[in-house]
Amino acid sequence: MAHPPSGNVHTLSLSQAQGGAGVAIHDLGVAFGSNRVLHDLDLAIASGQFVSIVGRSGCGKSTLLRAITGLENPVRGTIETDRGRTRVVFQEPRLLPWSDVRANVEVGAEGSVAERREQADHALALVGLSDKAAEWPARLSGGQKQRVALARALVSRPRLLLLDEPLGALDALTRIEMQRLIERVWLRQGFTALLVTHDVAEAVALGDRVVVMEGGRITRDVAVVAERPRRHGDAALATVEGEILARLLEG
Amino acid sequence: MATLATDLKIRPADPRAVAARAEAVRIEGSRLARSRWTPFVLPTLLLVAWQVASLTGALPATILPAPTAVIGVGWELLRDGTLLTNLSVSATRAIVGLLAGGSIALALGFATALSPGLRRLLDPTLQAVRTIPHLALIPLVILWFGIDEGAKVLLVGWGVFFPIYLNAYHGVTSIDRGLVEMGRVYGMGRWTLFRRVILPGALPSILVGLRFALGIMWLTLIVAETIAANSGIGYMANQAREFSQTDVIVLAILVYAALGKLADTITRLAERRFLRWNPAYGAR
């Protein structure tokens, strides 16, 4: 790594993650009481891959994500990944309202006070919010809050990043900007990414693979072959999107 | 009849005239609303009326002394040290009682909110004890402690306990669970989670509890010092009663009011400092 000593130091410190963590899920079952939410689920994700999961509300896609983080306890099956380096961007930003933006990002950082601060500032620069470091979260727009949440996840150098419908509450233009930002940092840092969404276009725009879930099971697993960074309105993406939508609508 | 009818005929109001009148009222209103002296108008009028009534003899000094007499006796007691001695005695009782009762209340509030086991163990009993009006304990407390400092501290501590306990408990249980979950996913340990998520999340509610507690604190102290004490502002007032020194009594009342106001102001400043992230408290 022959980086110049100045200027690019932050890319260096943020990209030190030891590559993406693979995920191996075998025969997973999750239940809330007698209500079985996930059935016999098998999913393997290669290190550094970007996988999107789509499905209707209640298909179990968020539960799968929560099971991977350890927030839900499976009733059967196994999940193998590097949980210690797994981070989540939730649907709501979940920022601490009583901490300023920089302190919120520092939640994800490690090391001495000065190191944490430096990492937080670099992550904020990465998501384009350097000028908001001293602001209270209440003063930010929805899109800005979600970018802070993304910075908080990135600063901890995740090997696996789970995105639980993180863009669901944003307006259309902000969504597209955020999708590009997520793709950019993923390309740069090389973590494994698992995105849960109900927006098929978003799933296709970001994923190397799109996994379709219905009724707690995986019913399709589609590879998306298109160059990176993805271009909005790419014909290949539109074809895959049409296929998956047709499948979901008939189901 | 015809002229009368025309005179009485209701003419449609000229909209411009109506607007002008409304404007005039608004300007009038805003001058009253804008001036910084407006809040002092009524108190000043009352004070002047009171002083005049005293001077003319309409209000005998045995009922209520003149404001100037109260100021006079205040100056006298300040000079001979009586006022400051009693003031510091009262303030010490208040603070010690508040710290003792308040810290136990905070600890138990957090404990019952965070641990279901402790909640089952402690909360029903505490809720039952809460139904006892703490001032009803005075005879018993006097039997136990006589007129010792312990009596006052126990009563104040008991009085401030419940508002702080209830609000700490409520504050912790009303924290957004999503934030706690986020803290866990991001690897916060128990202590970090408490310091960064739970304590600041519960603080607005705790400060509400503190403001209630401060009111109860002074009230309890007044009663306790009036009934069982040989020092303090309440004792000073009660002594004055025996000699019909209404000026001293009014002075004591005013001192209590000032202390209450002071405590309230300190809490308000604390709210502004600690809750400045909250738009409701006017961030920055």
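**Some points on the overall build of chain A**
- Helices and strands together make up the secondary structure of chain A, namely 8 helices and 9 strands.
- Seen through its principal axes, chain A has C-alpha atoms that stretch 50 × 40 × 40 Å.
- With 251 residues in all, chain A has 44% of them scored as buried.
- Considering only residue pairs separated by 6 or more positions, chain A has 71% of its internal contacts joining residues 24 or more positions apart.

**Here we look at the overall build of chain B**
- For chain B, the count of helices and strands is 12 helices and 0 strands.
- The order of helices and strands in chain B, counted from the N terminus, is α-α-α-α-α-α-α-α-α-α-α-α.
- Counting only residues that meet the buried cut, chain B has 28% of its 284 residues in that class.
- Considering only contacts in chain B between residues 6 or more positions apart, those separated by 24 or more positions represent 70%.

**A closer look at helix α11 (residues 233-242) of chain B**
All names here are of chain B.
- Within α11, the full set of buried residues consists of Ile233, Gly234, Tyr235, Met236 and Ala237.
- Taken together, the buried residues of α11 touch α5 (82-114), α10 (190-227) and α12 (246-274).
- Just downstream of α11, Ser244 is the residue with a positive phi angle, here 50 degrees.

**Considerations on the nonpolar core**
- The biggest cluster of nonpolar side chains holds 119 residues, and the ones touching the most others in it are Ala151 of chain A together with Ile164, Ala168 and Met217 of chain B.
- For this core, the element with the highest residue contribution is helix α8 (residues 149-173) of chain B, accounting for 14 residues.
- Apart from the residues within four sequence positions on either side, Met217 of chain B is in contact with Ala94, Gly97, Leu98, Val156, Gly159 and Val160 of chain B.

**Quick notes on unusual backbone geometry**
Residues and elements named next belong to chain A.
- Geometrically, the link from Arg228 to Pro229 is a cis peptide bond, its omega value of -10 degrees lying close to zero.
- Within the secondary structure, Pro229 is located in the loop between β9 (217-223) and α8 (235-250).
- Not every positive phi belongs to a glycine, and Asp40 is a case in point at roughly 35 degrees.
- Here Asp40 is to be found in strand β2 (residues 35-45).
- Phi at Arg157 is positive, roughly 45 degrees, even though this residue is not glycine.
- When you line up the elements, Arg157 lands in the loop between α5 (142-155) and β6 (160-164).
- In this structure Arg157 comes out as buried when scored by C-beta crowding, with 21 C-beta atoms within 10 Å.

**Topic: the packing of helix α9 (residues 177-185) of chain B against α10 of chain B**
All names here are of chain B.
- It is at 10 Å that the axes of α9 and α10 come closest, and there the two elements cross at 175 degrees. Taken together, the axes of α9 and α10 lie roughly antiparallel to each other. Together, Leu179, Val180 and Gly183 of α9 and Leu193, Arg196, Val197 and Gly201 of α10 make up the contact between the two elements.

**Topic: the sheet that holds β6 of chain A**
Residue and element names in this part refer to chain A.
- The 6 strands are arranged β5-β6-β7-β3-β8-β9 in an open sheet whose pairing can be described as mixed. Every other strand in the sheet has two partners, leaving β5 (86-89) and β9 as the edge strands with one partner each. Sheet twist, expressed as the average angle between the axes of neighbouring strands with direction ignored, equals 20 degrees.
- Taken together, the 4 bridges between β5 and β6 define a ladder with parallel strand orientation. Bridged to Thr86 within β6 is Leu160.
- Across the sheet, α8 touches β3 (50-54), β8 (209-214) and β9, and the angle it forms with β8 is around 10 degrees.

**Some details on the pairing of β9 of chain A**
All names here are of chain A.
- Relative to β9, β8 runs antiparallel, the two being bridged by 6 bridges. Considered in β9, the bridge of Arg209 is made with Ala223.
- What sits between β8 and β9 in their antiparallel hairpin is a turn of 2 residues, with Gly215 showing a positive phi close to 55 degrees.

**Points about the interface of chain B and chain A**
- The partner chain A presents 15 residues to the 12 residues of chain B that form the contact.
- Counting residues per element, the ones that place at least two in the side of chain B that touches chain A are α9 and α10 of chain B.
- If one sorts the elements of the side of chain B that touches chain A by residue count, α9 of chain B sits on top with 5 residues.
- Residues that form the side of chain B that touches chain A fall into these classes: 9 nonpolar, 1 polar and 2 charged.

**A few points about helix α6 (residues 172-189) of chain A**
- Taking 1.5 Å per residue as the helical rise, α6 of chain A with its 18 residues ought to reach 26 Å, and the 26 Å between its terminal C-alpha atoms agrees with that figure.
- Following α6 of chain A by one or two positions, Gly190 of chain A has its phi on the positive side, about 70 degrees.

**Notes on the confidence of the model for chain A**
- In this model, chain A carries an average pLDDT of 89, and 92% of its residues clear a pLDDT of 70 or more.
- With pLDDT under 50 throughout, residues 1-17 of chain A is counted as low confidence; its partners more than four residues away or in other chains account for 22 contacts.

**A short note on the sheet that holds strand β1 (residues 23-32) of chain A**
All names here are of chain A.
- Strands sit in the order β2-β1-β4 across an open sheet of 3 strands; the sheet is antiparallel. For this open sheet the edge positions go to β2 and β4 (76-80), each flanked by a neighbour on one side alone. Neighbour-to-neighbour, the strand axes of the sheet open up by a mean angle of 25 degrees, direction not taken into account.
- Relative to β4, β1 runs antiparallel, the two sharing 4 bridges. Along β4, the bridge assignment pairs Ile25 with Ile79.

**Some remarks on the environment of Gly19 of chain A**
Residue and element names in this part refer to chain A.
- In this structure, Gly19 sits in the loop between α1 (9-14) and β1.
- When the C-alpha atoms of Gly19 and Gly48 are compared, they prove to be 6.8 Å apart, with 29 residues separating the residues in sequence.
- For Gly19, the contacting residues outside a window of four places in its chain are Ser47, Gly48 and Gly190.

**Quick notes on the environment of Ile45 of chain A**
Residues and elements named next belong to chain A.
- In this structure, Ile45 sits in strand β2.
- Once the C-alpha coordinates of Ile45 and Arg209 are considered, the two residues, 164 residues apart in sequence, prove to be 9.4 Å apart.
- Those residues in contact with Ile45 that lie beyond four places of it in its chain are Gly22, Val23, Val51, Thr192 and Leu194.

Rules used throughout
- Residues numbered from 1 in each chain as written.
- Chains lettered and ligands numbered in written order.
- Predicted model: local features only at pLDDT ≥ 70, side-chain atom pairs only at ≥ 80, totals over all residues.
- Helix = DSSP H or I, 4+ residues; strand = E, 2+ residues; numbered from the N terminus.
- Buried ≥ 20, exposed ≤ 12 C-beta atoms within 10 Å, placed from the backbone.
- Contact = placed C-beta atoms within 7 Å.
- Core = buried A, V, L, I, M, F, W, Y, C linked by C-beta atoms within 7 Å.
- Axes fitted to C-alpha atoms, helices over the stretch in contact; angles between N-to-C directions.
- Parallel < 35°, antiparallel > 145°, perpendicular 65-115°, else oblique.
- Pairing = 2+ DSSP bridges.
- Nonpolar A, V, L, I, M, F, W, Y, C, P; charged D, E, K, R; others polar.
- Expected span 1.5 Å × (residues − 1).
- pLDDT = per-residue confidence, 0-100.

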